[in-house]
Amino acid sequence: MTELLTVGPTLGLKATSEDMSPEQRCSVGIQNIELLCDLDWRGRLMLGAELSRMKWSGDFTRDNVWRSDESARSWNEWLKRRDFRLDGGEKAMSEESANTLVMWSVLYTNFAAENQKRAERGLLPLPLPTSVSQLRPYQSMMQRVDDWTPPNLVQAATPSAFEMQPPFAEHQPQVVAAWQEVFESIPPDKRTRKGELRPPTKSESEDYFRKKEGLRQLKEREEREIEEAKQDALTVGSTPASAKRQAAAAAPPPPTKKKAPPKKTQAELKAEQRAFQVQQDVRDYRLKLNNLQQSAESLEAFIKNTLAREGSESYLRELRQQEMGVYSVSDDVAKLRDAVVVCQSIYELITELYSRPEPISRHEVDPQTATVEL
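The rules we used
Residues numbered from 1 in each chain as written. Predicted model: local features only at pLDDT ≥ 70, side-chain atom pairs only at ≥ 80, totals over all residues. Heavy atoms only, no water. Helix = DSSP H or I, 4+ residues; strand = E, 2+ residues; numbered from the N terminus. Buried < 20%, exposed > 50% of the residue type's maximum accessible area, 1.4 Å probe, protein only. pLDDT = per-residue confidence, 0-100. Contact = heavy atoms within 4.5 Å. Phe/Tyr/Trp six-rings, centres within 6.5 Å; stacked < 30°, edge-to-face > 60°. Lys NZ or Arg CZ within 6 Å of the ring centre and 35° of its normal. Core = buried A, V, L, I, M, F, W, Y, C linked by side-chain atoms within 4.5 Å.

Novice: Help me out: how do you make sense of the environment of P151 in this one?
Specialist: Inspection of the secondary structure assignment puts P151 in the loop between helix 5 (95-120) and helix 6 (173-185). A relative accessible area of 25% means that P151 is categorised as partly exposed. Each C-alpha atom, one on P151 and one on G58, is 6.8 Å from the other, the two residues being 93 residues apart in sequence.

Structure below.
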C-alpha cells in the first residue's frame, strides 16, 4: 500500500495517518477512490490498494451514507450506496470488480518478483493482466492471512457490526503458477498481440481450468472404481452382517430403478486407464509437435521478411548490438544452435532403439580417506 501511494502526490491523492479519526480517514478514502476510478488500468493498482485499506480498516463504516441507527454496515452495501463509477462513469463498481481490483494490487508485486526471477534466468516475462475480467477465474485461488484480527469499531454512539473474510496474503504463489500454466497452454503463435506478450483472456483461463478439473474428476473416478473392485475381491464369499442385510441383498431391485451395471474387473479398469493415458499422450504429443513447427515457421518467416525489407544481413548484426535485457538477441546464433541440438536429440529418441538408462548404484564415502567405494 505504502509503495503504491508514493506517487500519490503527483495525482492529487491525499494521505491518511493514524492521528486521524475513522471518519476523517473515511472521507479521505472516498475522495481518493473517486479520483482513482478515472485512471487507466495500470493506475488502478492504487485504486485497489485504497479499496483494500478502506475495507479491512473498517473506515467505510464511518461514512455518512449510513443512518445513525444502522449497526449492520456491510462492504457490499456500502459500495452500492456510494455508487463509484469506472470507465468515465459508464459502469458502476460492483463488489466483484472491487474485489478483483484489490486482487490486482496484491498480485502486482508477486508478478513483478516472478518476472525478476525469470529475467535472471534469461526467460521472457509473464504478461501482466490488462483488465479486471482476466483475473476473475483466479479469485478462488487467492490465499488469505490466518492471523488477522478485525478492527475494534465499537464506539459509544454508533456500534458497528464487522464480519468479513481476512485480507489477502502478501504472497500468492498458487495464482502466479496457475497464470503461468494457462499462458503456456496458449499456442506460441497466439501469445502475442502487436509484438507484445498478451495475457490469457477470461475465457481461456476458464476453459483451461474446466478441462483440468474434468481430467482430475475422471482420474478420481477411475481410482475409486479400482478401490471398489479391490474391496469386492476381498469380500467374496463373506457372510452379510445381519439377516436384514441378507434380505435386502436378496430382494429384487425396485421396478422404477435401473439395474446397476456390472462392476468392472481390475484388469478392465487398468485397460481403460491405459487407453485414456495413450489418448492423452497422443493429444499432448501432437500439440507439442504443432507448437514446435509453428514456432519454427514463425521465426523463419520473421527473418525472411526482415531481410527482404532491409535488403542485407547486416541488419541482423545491428539487432544483436541492441541492449534490451531479456529481449536482447545478441546470443541468437547460440540459441538456434542449442535448439538444433535439442531437435536432433528428439529425432534420435523417436527413430532409434531405446535403451533404458542403467540404475545408479548406491555408494558410500569413507570419511577417513574421502574416497568413493562402489
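Novice: Can you help me understand the confidence of the model for the protein chain in this one?
Specialist: The predicted coordinates should not be examined in detail at positions where pLDDT is low. The predicted model of the protein chain averages 78 in pLDDT, with 76% of residues at 70 or higher. Here residues 1-10 is a poorly scored stretch, pLDDT under 50, and it has 12 contacts once near neighbours within four places are set aside; other chains count. Throughout residues 370-374 the model reports pLDDT below 50, and contacts reaching past four residues in sequence, or to other chains, amount to 10 contacts.

Novice: When you look at the packing of aromatic side chains in this model, what are you seeing that I'm missing?
Specialist: Aromatic ring pairs: the centre-centre distance and the angle between the two ring planes describe each pair. Here the structure, examined in full by the defined rule, presents 11 aromatic pairs. With centroids separated by 5.5 Å and ring planes inclined at 65 degrees, the aromatic side chains of W78 and F84 adopt a geometry described as edge-to-face. One exposure class covers both W78 and F84, and it is buried. With a centroid separation of 6.3 Å and an interplanar angle of 50 degrees, the aromatic rings of W104 and F111 are classed as tilted. Pair check on accessibility: W104 and F111 agree, each one buried. Every member of this aromatic cluster is reached through a ring pair, and the members are W104, Y108, F111, Y138, W179, Y208 and F209. Above the plane of the ring of F183 lies R191, whose end atom (NZ or CZ) is 5.5 Å from the centre.

Novice: Teacher, can you tell me more about the nonpolar core here?
Specialist: Nonpolar side chains tend toward joint burial in soluble globular proteins. Residues L51, W78, M93 and Y138 are the most contacted members of the largest nonpolar core, which totals 40 residues. Counting only elements with at least two residues in this core, the list comes to helix 2 (22-36), helix 3 (44-57), helix 4 (75-82), helix 5 and helix 6.

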